[in-house]
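Structural features, examined
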Amino acid sequence: MIPLSWYLIFAAALFSIGLYGVLARKNIIAILMSIELMLTAININFIAFWRYSLPGQMAGQVFAVIVFAVSASEVAVGLALVISLFRRVKLIAADEINLLKW
Amino acid sequence: MSLGLFIFFLMVVVTVVAAVAVVTSQNLVNAAMWLMVALFGAAIAFVLLQATYIAVIQVLVYIGAIAVLIVYTIMLTRNPDEKYGPGVNKQWPIAAALSLVLFLGLAYFYYTLPQTDVLAPALSGDLNAISQLGALLVSPNAYVLPFELASILLLAALIGSIVVAWRK
């Protein structure tokens, strides 16, 4: 049988990899993909806690469904912003878009 | 070694390797394909945790919709004269160190904490998880408010992304 900590350590690994991607990648689409990895790690944590603590109550699964909705909204708006940005300035590198920076 | 344990370790190795490939691939299309592999590995984790509905939603929403949307956006925003330079910025060693410290700290925490060293309780035989989840999501005594808020958020995201991406 698999103890709870193994799932949590697995989710922590996914989250850390996603965090590295968010902090280090230049391309905005790559950053969005890393955010998807982090949200998936969060969902694994929710489902693992649901299964190992109170499987009779569905709170963990309800939270996972809400996280799905939020991540779908986030990626839809984010990719629309990327497309709009690309139309205007023809580049999608996060460190070269500094019009609002001072 | 039991079959469940073998599948767990296989899933962990495949998912972590795919996730590392997502954040290190120079070619964004390759990164998106690796993202699909990583998300599928997470779906296998949900199956191992006996959350079958969440696993199906993971495949449908993440792989079927979000990953395909990401691939479309990569194709739409490809610059013809773009060269695959270094895909990371100047701070990448700090980012790598921070991520490693976070992972090691969390792993040590989870490994030593006695509350996380538990095995899964047996599911009761009459637990119908999917119908219970559906009833709770629309029940006024449970989670109808977060559910409705999520639908408003999805509607706002739908309208907002059309407005933002509209060709002026």
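What counts, and where the lines are drawn
Residues numbered from 1 in each chain as written. Chains lettered and ligands numbered in written order. Predicted model: local features only at pLDDT ≥ 70, side-chain atom pairs only at ≥ 80, totals over all residues. Helix = DSSP H or I, 4+ residues; strand = E, 2+ residues; numbered from the N terminus. Rg over C-alpha atoms; globule rule 2.2 N^0.38 Å. Buried ≥ 20, exposed ≤ 12 C-beta atoms within 10 Å, placed from the backbone. Contact = placed C-beta atoms within 7 Å. Domains from an automatic or database assignment. Nonpolar A, V, L, I, M, F, W, Y, C, P; charged D, E, K, R; others polar.

This brings us to the overall build of chain B. A count of helices and strands for chain B gives 6 helices and 0 strands. In chain B, the succession of α and β elements from N to C terminus is α-α-α-α-α-α. Its C-alpha atoms give chain B a radius of gyration of 20 Å, more than 25% over the compact-globule value 15 Å for 168 residues. Every one of the 168 residues in chain B was classed for burial, and the buried ones make up 24%. Of the contacts formed within chain B by residues at least 6 apart in sequence, a portion of 47% connects residues at least 24 apart.

What follows covers the domain arrangement of chain B. Each domain of chain B was delimited in the assignment, giving domain 1 (1-79) and domain 2 (129-168). When each unit is reduced to the centre of its C-alpha atoms, the spacing between domain 1 of chain B and domain 2 of chain B is 23 Å.

So, about the interface of chain A and chain B. Each side of the interface is counted separately: chain A has 59 residues, and chain B has 72 residues. When residues of the side of chain A that touches chain B are traced back to their parent elements, those giving at least two are helix H1 (4-24), helix H2 (28-52) and helix H3 (59-89) of chain A. In the side of chain A that touches chain B, the residues fall into 43 nonpolar, 10 polar and 6 charged.

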